[in-house]
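Here is how the chains run, residue by residue.
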Amino acid sequence: MKIKPYIHNESSLAYSVGETLDRFIKKKQDDFTYASGELSQLLRDIALATKIVNRETNRAGLANIGGAFGQTNVQGEEQQKLDVIANIRFTRALTKGGEVCAVVSEEDDEVIDLQNSSGKYVVAIDPLDGSSNIDVNISIGTIFSIYRRVTPIGSPIQLEDIMQPGNKQVAAGYVLYGSSTMLVYTTGCGVNGFTYEQSLGEFFLSHPDMKAPNDGKVFSINEGGYNQFDQGLKNYLKVCKEREYSARYIGSLVADFHRNLLKGGIYIYPSNPKNPNGKLRLLYEANALAFIAEQAGASATDGENRILDIQPTSLHQRTPLFIGSSVMVKEAMSYLAKEKV
Ligand SMILES: O=P(O)(O)OC[C@H]1O[C@](O)(COP(=O)(O)O)[C@@H](O)[C@@H]1O
Ligand SMILES: [Mg+2]
Ligand SMILES: [Mg+2]
C-alpha cells in the first residue's frame, strides 16, 4: 500500500482560509505567563458573544432592534437597544464561561460581581461602541480589557482588583462590526486580527502581527468643538491642514482607531472647558486601545501622560485621548506642550 505525504498547494480552485481563532488561541496559549487555558477560554467566550452581537447588529434595521431603549446610563447618555442587548450578551457569555469574577461595563453603574469565586479575571467592556451610528448603519464596535484579579481567588472582590492601571492588562481587544466583522486582540505578544466568515460561523486569521505605520496623513477629531480646543491643539490641526492631511471622522472610536492602525493616522478626543477630561472612558475604551496601539508600535496619551500608566480612581472616569501613529502623537504632544510653558 502506497502512502503519499500531503502537500498543501495554494491552488486557485480552493483558496485557503487563514487559521481559525480557536486554533490560534490554542497555539498562542504558551506565550502567556499563566498559561493554564483559562485566558484562552475567556477569549473564546468573548468571541462567542461577538458572533451573537454581530447577528443582532446585522439585523438592527429589521427586527426592531434599532432605536433608543428608553433609559439613560450612568454617563447620562440615552441607551440604545443594541447597547443593552450587547451588554446582556457579553455579560451572559462571561458568566457562563466561568473564568471571570467581575465585569465593569459602560452600561452598568456599578461593578457586576459574577458571584464566581473561582474566576481569576476581571473584564472591563464597552459592549457597543459608536452608539450614535447604530441607526444609520455605520460601523460600530465592542472594546474589552482583561485583567487578572490581584486579591486571592475565592475572596470577595476588592477595589484593587478593578482599579488597575492599563499597564496591568493581560489582554485587550476590539470588535469592528463593519463591512466585514473583525476581532483584533493582544495578549502582550503582538496584535492579530481575525475576520468573521459568516457562512462558516468562524473567525479566521486575516491580519497577522499587525504593525501601525510610524507616521500618517490622516487626522480624526470632531471639529465641531473647535472653538473650545486648547491653542496648542488648534496649532497642531493648522499644521495638519497646511500639509493637506485628510480629515476622517466616523464617530465610532473603534472604526476610526482601526483605520488609523492600518493606514497611519491620529485620533484625538480632547478635553475642553465643558468636559475637562474629554468624553472617552479610561477603563473600557482608552486602556484597551492603548495596549493594542503600543503592541502594534503606535502610541496613546492623554495629552501629557501615557494612557497605560494612568492610575484609575473611578469606574467611569474619562480621559482625553491622543492615539495613533507614534510620530503624529509625539508631534501633537509637542504642540500642546509649547502652549503650556
Ligand atoms: O459624537 P462625538 O462627541 O464626536 O463622540 C463620538 C465618540 O463617542 C463614542 O461614540 C463613545 O462611545 P460609545 O458609543 O460607546 O458611548 C465613540 O465611539 C466616538 O468616537
Ligand atoms: Mg465607546
Ligand atoms: Mg458604548
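Each chain carries its own residue numbering, running from 1 in the direction its sequence is written. Think of it this way: whatever chain is written first is A, whatever ligand is written first is 1, and the rest follow in order. Thresholds applied to this predicted model are a pLDDT of at least 70 for local features of residues and 80 or more for the giving and counting of side-chain atom pairs; totals over whole chains, interfaces and linings are not thresholded and use all residues. The side-chain values count all of the structure's non-hydrogen atoms but skip hydrogen atoms and water molecules.

As recorded by an unreviewed UniProt entry, the chain carries the name Fructose-1,6-bisphosphatase class 1 and is attributed to Belliella baltica. UniProt positions are given in the numbering used here, feature names are shortened, and annotations may be inferred rather than shown by experiment. Recorded in UniProt for the chain, the comment headed Sequence similarities (unreviewed entry) runs: "Belongs to the FBPase class 1 family." Per UniProt, the chain has the following entry under Subunit (unreviewed entry): "Homotetramer."

Peer 1: I keep staring at the site of ligand 1 and nothing clicks. Help me out?
Peer 2: Here a residue is near a molecule or strand as soon as one of its heavy atoms is found within 4 Å of it. What surrounds ligand 1 is a group of 17 residues, the closest being Asp-129, Gly-130, Tyr-249, Leu-253 and Tyr-269. Interatomic distance of 2.9 Å between a side-chain N/O atom of Glu-106 and an oxygen atom of ligand 1. Contacts described as polar in this section are N or O atom pairs within 3.5 Å, which, within protein, must combine one atom able to donate a hydrogen with one able to accept it, while residues neighboring in sequence count only if both atoms come from side chains. Tyr-249 places a side-chain nitrogen or oxygen 2.6 Å from an oxygen atom of ligand 1. What sets the accessible areas is the Shrake-Rupley method with a 1.4 Å probe; for residues, cover comes only from the shown protein chains. Coverage of ligand 1 by the protein amounts to 88% of the 470 Å² it exposes when considered alone. Breaking the shell around ligand 1 down by element, the ones donating at least two residues are β5 (121-129) and β13 (266-269). Here the element with the most residues in the shell around ligand 1 is β5; it accounts for 3 residues. When residues are grouped by polarity, Ala, Val, Leu, Ile, Met, Phe, Trp, Tyr, Cys and Pro land in nonpolar, Asp, Glu, Lys and Arg in charged, and all others, Gly among them, in polar. Class assignment for the residues of the shell around ligand 1 results in 5 nonpolar, 5 polar and 7 charged. Segmentation into domains, and thus their bounds, comes from an automatic or database assignment. Counting the residues that make up the shell around ligand 1, at least three belong to each of domain 1 (21-207) and domain 2 (218-340). A run of DSSP states H or I qualifies as a helix once it reaches four residues; a run of E qualifies as a strand once it reaches two. Both are numbered from the N-terminal end.

Peer 1: Sorry, what's going on with the confidence of the model for the chain here?
Peer 2: Close inspection of predicted coordinates is inappropriate in any region flagged by low pLDDT. Per-residue confidence from the predictor is reported as pLDDT, a score between 0 and 100. Across the chain, the average pLDDT comes to 93, with 95% of residues at or above 70. Listed scores for the predicted complex are pTM 0.94 and ipTM 0.99.

Peer 1: Help me out: how do you make sense of the coordination of the magnesium ion (ligand 3) in this one?
Peer 2: A four-donor tetrahedral metal ideally has 109.5 degree angles, and a six-donor octahedral metal ideally has angles of 90 or 180 degrees. Donor criterion used throughout: N, O or S atom within 2.8 Å of the metal, extended to 3.2 Å for Na, K and Ca. Water excluded; incomplete-looking sites may result. Bound to the magnesium ion (ligand 3) are the protein donor atoms Glu-106 (OE), Asp-126 (OD) and Leu-128 (O), situated 2.0 to 2.2 Å from the metal. Donor residues for the magnesium ion (ligand 3), ordered by position in the chain, follow E-x19-D-x1-L. Here the magnesium ion (ligand 2) and the magnesium ion (ligand 3) are spaced 3.7 Å from one another, each receiving a donor from Asp-126. A single burial state applies to Asp-126 and to Leu-128, both of which are buried. We call a residue buried when its accessible area falls under 20% of the maximum for its residue type, exposed when it is over 50%, and partly exposed in between, using a 1.4 Å probe and counting protein chains only.

Peer 1: Help me understand the packing of aromatic side chains, please; the structure alone is not making it clear to me.
Peer 2: Two aromatic rings, taken as a pair, are described by how far apart their centres are and by the angle between their planes. Each aromatic pair joins two rings of Phe, Tyr and Trp (for Trp, the six-membered one) with centres within 6.5 Å, and gets the label stacked for planes under 30 degrees apart, edge-to-face for over 60, and tilted for any other angle. Throughout the structure, instances matching the rule amount to 7 aromatic pairs. Ring geometry for Phe-24 and Phe-194: centres 5.1 Å apart, planes at 70°, overall edge-to-face. Of the two residues, Phe-24 is situated in helix α1 (residues 21-28) and Phe-194 in strand β9 (residues 191-197); the sequence distance between them amounts to 170 residues. Ring geometry for Tyr-174 and Phe-257: centres 5.7 Å apart, planes at 90°, overall edge-to-face.

Peer 1: How should the pairing of strand β10 (residues 202-207) be read in this particular structure?
Peer 2: Consecutive side chains of a regular strand alternate in pointing toward one face of the sheet and then the other. Paired strands are those between which DSSP finds at least two bridges. Pairing analysis gives 5 bridges linking β9 to β10, with the strands arranged antiparallel. From the neighbouring strand, Thr-195 faces β10, where its bridge partner is Phe-204. Between β9 and β10, which pair antiparallel one after the other, the connecting turn spans 4 residues, and Gly-201 there sits at a positive phi close to 65°.

Peer 1: Explain the side chain of Arg-149 here, please?
Peer 2: Looking at where Arg-149 falls in the secondary structure, it is placed in the loop between β6 (140-148) and α4 (159-162). Of the polar contacts made by the side chain of Arg-149, one reaches the backbone oxygen of Pro-156; its length is 3.4 Å. Residues count as neighbours in contact if any of their non-hydrogen atoms are within 4.5 Å of one another. Excluding its chain neighbours within four sequence positions, the residues that come into contact with Arg-149 are Cys-101, Ser-117, Gly-119, Lys-120, Tyr-121, Val-122, Gly-154, Ser-155, Pro-156, Ile-157, Asp-161 and Gln-164.

Peer 1: Honestly, helix α3 (residues 81-97) in this entry has me stumped. Any pointers?
Peer 2: Since the α-helix packs 3.6 residues into each turn, any two residues three or four apart lie on the same face. For α3, which comprises 17 residues, the first-to-last C-alpha distance of 24 Å matches the rise-based estimate of 24 Å (1.5 Å per residue) to within 8%. Burial in α3 covers these residues: Leu-82, Asp-83, Val-84, Ala-86, Asn-87, Phe-90, Thr-91, Ala-93 and Leu-94. To estimate the expected span of a helix, subtract one from its residue number and multiply by 1.5 Å.

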